[in-house]
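# Descriptive structure summary
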Amino acid sequence: MPPLGLYIHWPFCPSKCPYCDFNSHVREGVDQKRWQEALLTELTHAAHETQDRTLTTIFFGGGTPSLMAPETVDALITKAKSLFPHDPNLEITLEANPGTLTSEKCTAFRAAGVNRLSMGVQSFDETALTFLGRRHSVKQALDAINMAALTFPRFSFDLIYARPDQTEATWRQELSQALSYAKGHLSLYQLTIEPQTAFATRLARGETMTLAPDPAATLYEVTEEIMQNAGLPSYEVSNYAALGQECRHNLLYWNFEDYIGIGPGAHGRITQKNMKYMTYRHKAPETWLEAVERQGHALELKQSLTPQERLQEVTLMGLRLTQGLSLQRLREETGLTPQDAYPGLDVLKRESLIRATPSHLVVTPEGRLRLNALISFLLSHIAPP
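Since this is a predicted model, take the numbers as computed values, not measurements.

Counting residues in hydrophobic clusters, the biggest one holds 95 residues, and the most contacted among them are Phe-60, Met-119, Phe-157 and Tyr-342. Tallying contributions element by element places helix H1 (residues 32-47) first for this core, with seven residues. Met-119 has contacts with Ala-96, Leu-101, Ala-144, Ile-145, Ala-148, Phe-155, Ser-156, Phe-157 and Asp-158, leaving out every residue within four places of it along the chain.

Structural data, given as structure tokens:
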């Protein structure tokens, strides 16, 4: 059977970062026991339709899942393992903010079964951390990395670059520092301004919030060069790993595989009888919680994806991968060849922005610098339904 992932959303954060458009909320207090019971209830409900599938990954995302009580994490992992046949090498990732971690918490999360920690460090510069609205200091970030290295067999952390006034020299220095602490995986994101965020409001007021496109492109090329030389090449446009250290859960998304999503605002993709369904849970934490307690789940929407939607999603996800969009996956999801699916493909080939191998459509290095525009062009010229 194809792999199956489980995504568990914890929506609470100590504060809202100005660049964040995730479903995250600040609350003075959270009833951990009540939330544990609700998540267990929704997990049990969601499992009824997919119990014959082998679970290969679990991902606790947010929000700030490191604010969860370790007992809740333990209960959810235990319940998932009881509900599904699971891979003996089940990857279990938990996202964490450095300021919320202690040695005791790390030990408890590891004892619960978490074997991969993903930390939102974002910068090793105090001024940048303040700009990004982060509540932790550089010292707390380094302490968290050291704790992760001592506790978990695998860990990763994120950095955000292309910040205003950032130079190639300062980014090279920061990335070199990151590589001295990294162990197999780094996520390196260009700062983008998402709608309805505090940064978007400041941008509308005329403030400069990111680097201009050309300097930002230079930093991306520098990143690719440094990470390749360090033995952690990109496997996705913003993710870099040594061979075998890729995040298997995120690869499910990019390869358009199936995953269950539970918790407030969680999405899922499930294949049943050759139909691909999208699922969506109620977004507001209190609405979600009340729905689960009332009816056993907070599923707001479940609908089949049209052939056109499947083509759009498999394209959007697959072309982000360095190895490219799998032609086999394209055929499985749409029944189409690349030439039938993408009338605009030859234009991109002639411009050397995309190339075809016997097994994949691969965006070239030149194309990756224009990835969003390239994908938009391709999707505006896809085959009619």
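A few words now on helix H6 (residues 168-181). For H6, with 14 residues, the first-to-last C-alpha span of 20 Å sits near the 20 Å given by 1.5 Å per residue. Next to the buried residues of H6 lie strand S4 (116-122), strand S5 (154-161), strand S6 (185-190) and helix H8 (213-229).

Next up on the list: the environment of Pro-264. If you trace the backbone, Pro-264 turns up in the loop between strand S9 (258-262) and strand S10 (267-272). The spacing of Pro-264 and Trp-10 is 254 residues in sequence and 7.4 Å in space, taken between C-alpha atoms. Residues contacting Pro-264, with those up to four places away along its chain left out, are His-9, Pro-11, Asn-23, Trp-35, His-282, Lys-283, Pro-285 and Trp-288.

Between its first and last C-alpha atoms H1 spans 22 Å; for 16 residues at 1.5 Å apiece the expected length is 22 Å, and the two agree. Among the residues of H1, Trp-35, Gln-36, Ala-38, Leu-39, Leu-40, Glu-42, Leu-43, Ala-46 and Ala-47 are the ones counted as buried. Next to the buried residues of H1 lie strand S1 (4-10), helix H2 (70-83), S9, strand S11 (275-281), helix H10 (285-295) and strand S12 (299-304).

Let's shift gears to unusual backbone geometry. In this model, Gly-62 is joined to Gly-63 through a cis peptide bond whose omega is 20°. The topology assignment puts Gly-63 in the loop between strand S2 (55-62) and H2. In this structure, Gln-122 is a non-glycine residue whose phi angle is positive, near 75°. Its place among the elements puts Gln-122 in strand S4. Here the phi dihedral of Ser-352 falls at roughly 60°; this positive angle occurs in a residue that is not glycine. Residue placement: Ser-352 occurs in the loop between helix H14 (345-350) and strand S14 (354-356).

As a further point, take the sheet that holds strand S15 (residues 360-363). With antiparallel pairing, three strands are arranged side by side in an open sheet as S13-S15-S14. The open sheet terminates on both sides in strands that have one partner only, identified here as strand S13 (325-326) and S14.

Turning next to the packing of H1 against H10. As a packed pair, H1 and H10 sit with axes 9 Å apart at the nearest point and diverge in direction by 65°. The interaxial crossing formed by H1 with H10 has left-handed handedness. Of the residues in H10, those in contact with Arg-34, Trp-35, Ala-38, Leu-39, Thr-41 and Glu-42 of H1 are Pro-285, Trp-288, Leu-289, Val-292 and Glu-293. Class assignment of the residues belonging to the contact of H1 with H10 gives a composition of seven nonpolar, one polar and three charged.

Structurally, Thr-279 is set in strand S11. Its relative accessible area of 8% is what places Thr-279 among the buried residues. What Thr-279 contacts, discounting residues up to four positions off in sequence, is Ala-266, His-267, Gly-268, Arg-269, Leu-299, Leu-301 and Lys-302.

Turning next to the packing of aromatic side chains. Under the criterion given, the structure shown has 12 aromatic pairs. The interplanar angle of 15° and the centroid separation of 4.7 Å between the aromatic rings of Tyr-161 and Trp-171 together place this pair among those described as stacked. On the criterion of sequence distance, the pair formed by Tyr-161 in strand S5 and Trp-171 in helix H6 is long-range, its members being 10 residues apart. The residues Tyr-161 and Trp-171 share a single accessibility class, namely buried. Ring centres 4.6 Å apart and planes at 65° place the aromatic pair Tyr-253 and Tyr-259 in the edge-to-face group. Among the aromatic side chains, those forming a connected cluster through ring pairs are Trp-10, Phe-12, Trp-35 and Trp-288. The ring of Phe-256 is capped by Lys-276, whose NZ or CZ atom sits 4.3 Å from the centre of that ring.

Conventions used here
- Residues numbered from 1 in each chain as written.
- Predicted model: local features only at pLDDT ≥ 70, side-chain atom pairs only at ≥ 80, totals over all residues.
- Heavy atoms only, no water.
- Core = buried A, V, L, I, M, F, W, Y, C linked by side-chain atoms within 4.5 Å.
- Buried < 20%, exposed > 50% of the residue type's maximum accessible area, 1.4 Å probe, protein only.
- Helix = DSSP H or I, 4+ residues; strand = E, 2+ residues; numbered from the N terminus.
- Contact = heavy atoms within 4.5 Å.
- Expected span 1.5 Å × (residues − 1).
- Pairing = 2+ DSSP bridges.
- Axes fitted to C-alpha atoms, helices over the stretch in contact; angles between N-to-C directions.
- Left-handed = near helix turned anticlockwise from the far one by under 90°.
- Nonpolar A, V, L, I, M, F, W, Y, C, P; charged D, E, K, R; others polar.
- Phe/Tyr/Trp six-rings, centres within 6.5 Å; stacked < 30°, edge-to-face > 60°.
- Lys NZ or Arg CZ within 6 Å of the ring centre and 35° of its normal.

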